[in-house]
Amino acid sequence: IDELNKNNRTTEAAYDEQRSLESKIADLEKDMAYLKKEINATTIAVAEMQEQMKRASETREAENADFQQTMTDQRMTQMILKKAHDRMSQVYAMLQEEPQPGAAHVALSGNHTDPGNGPARFTKYEEHA
């Protein structure tokens, strides 16, 4: 009888361990299913991020091309304005010079090299001995 009781206890312990292991297997299978879902969701998120990075890169390239074109346009505009300024300086050089001594009509009646028929210019007064 002792041996039968001992055998029953051993059998019960084995069945108990079997149920525990089966429960553990079921928990691990649930964990595996959850982790598979998480891996799939993460894979989808990574693919989405890569797509966004690709679009952002394309956007940056387009913006850079636009910026480079703007810079080229600005440089060309600066060159054109510099040439126009230089030419205007040549054309209107007489207006930029200091006014010459003499009557007001001299500036209007002649040019910067030929005073026209204006009055004579006065020289600096010097004392004679």
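The model shown is predicted, which means the values in this text are computed figures rather than measured ones. (Residues numbered from 1 in each chain as written. Predicted model: local features only at pLDDT ≥ 70, side-chain atom pairs only at ≥ 80, totals over all residues. Heavy atoms only, no water.)

Here's the deal with the overall build of the protein chain
We apply this condition: Helix numbers and strand numbers start at the N terminus; a helix is a DSSP run of H or I with at least 4 residues, a strand a run of E with at least 2. Each residue's exposure class comes from its accessible area (1.4 Å probe, protein chains only) as a fraction of the maximum for that residue type: buried when under 20%, exposed when over 50%, partly exposed otherwise. The Shrake-Rupley method, run with a 1.4 Å probe, gives the accessible areas here. Residue values count only the displayed protein chains as cover.
Scanning the protein chain from N- to C-terminus turns up 3 helices and 0 strands. Order of helices (α) and strands (β) in the protein chain, N terminus to C terminus: α-α-α. A buried classification covers 1% of the 129 residues belonging to the protein chain. With the model as given, the accessible surface of the protein chain reaches about 12,500 Å², and the carbon-plus-sulfur share is 57%.

Considering the pattern of salt bridges
As a reminder of what qualifies: The rule for a salt bridge is simple: a side-chain nitrogen of Lys or Arg has to be within 4 Å of a carboxyl oxygen of Asp or Glu.
Tallied over the entire structure, the rule returns 3 salt bridges. Two residues, Asp-86 and Lys-82, come together in a salt bridge whose shortest N-O distance is 3.3 Å. Pair noted here: Asp-86 and Lys-82 are both in helix H1 (residues 2-91), with a separation of 4 residues, about one helical turn. Judged by its relative accessible area of 35%, Asp-86 is partly exposed.

So, a nonpolar patch on the surface
This is how it is decided: Put simply, a patch holds well-exposed residues, over 30% relative accessible area, that have no salt bridge, with like charges counted together within 9 Å and Val, Leu, Ile, Met, Phe, Trp or Tyr side chains within 5 Å.
A cluster of nonpolar side chains, contributed by Met-88, Val-91 and Tyr-92, occupies part of the molecular surface with about 290 Å² of accessible area. Tyr-92 gets classed as partly exposed once you look at its relative accessible area, which sits at 40%.

As for the confidence of the model for the protein chain
Quick note on the threshold: In predicted models, pLDDT denotes the confidence assigned by the predictor to each residue on a 0 to 100 scale.
When pLDDT is averaged along the protein chain, the result is 84, and 74% of the positions lie at 70 or above. Within the protein chain, H1 carries the highest mean pLDDT (95), whereas helix H3 (residues 104-109) carries the lowest (49).

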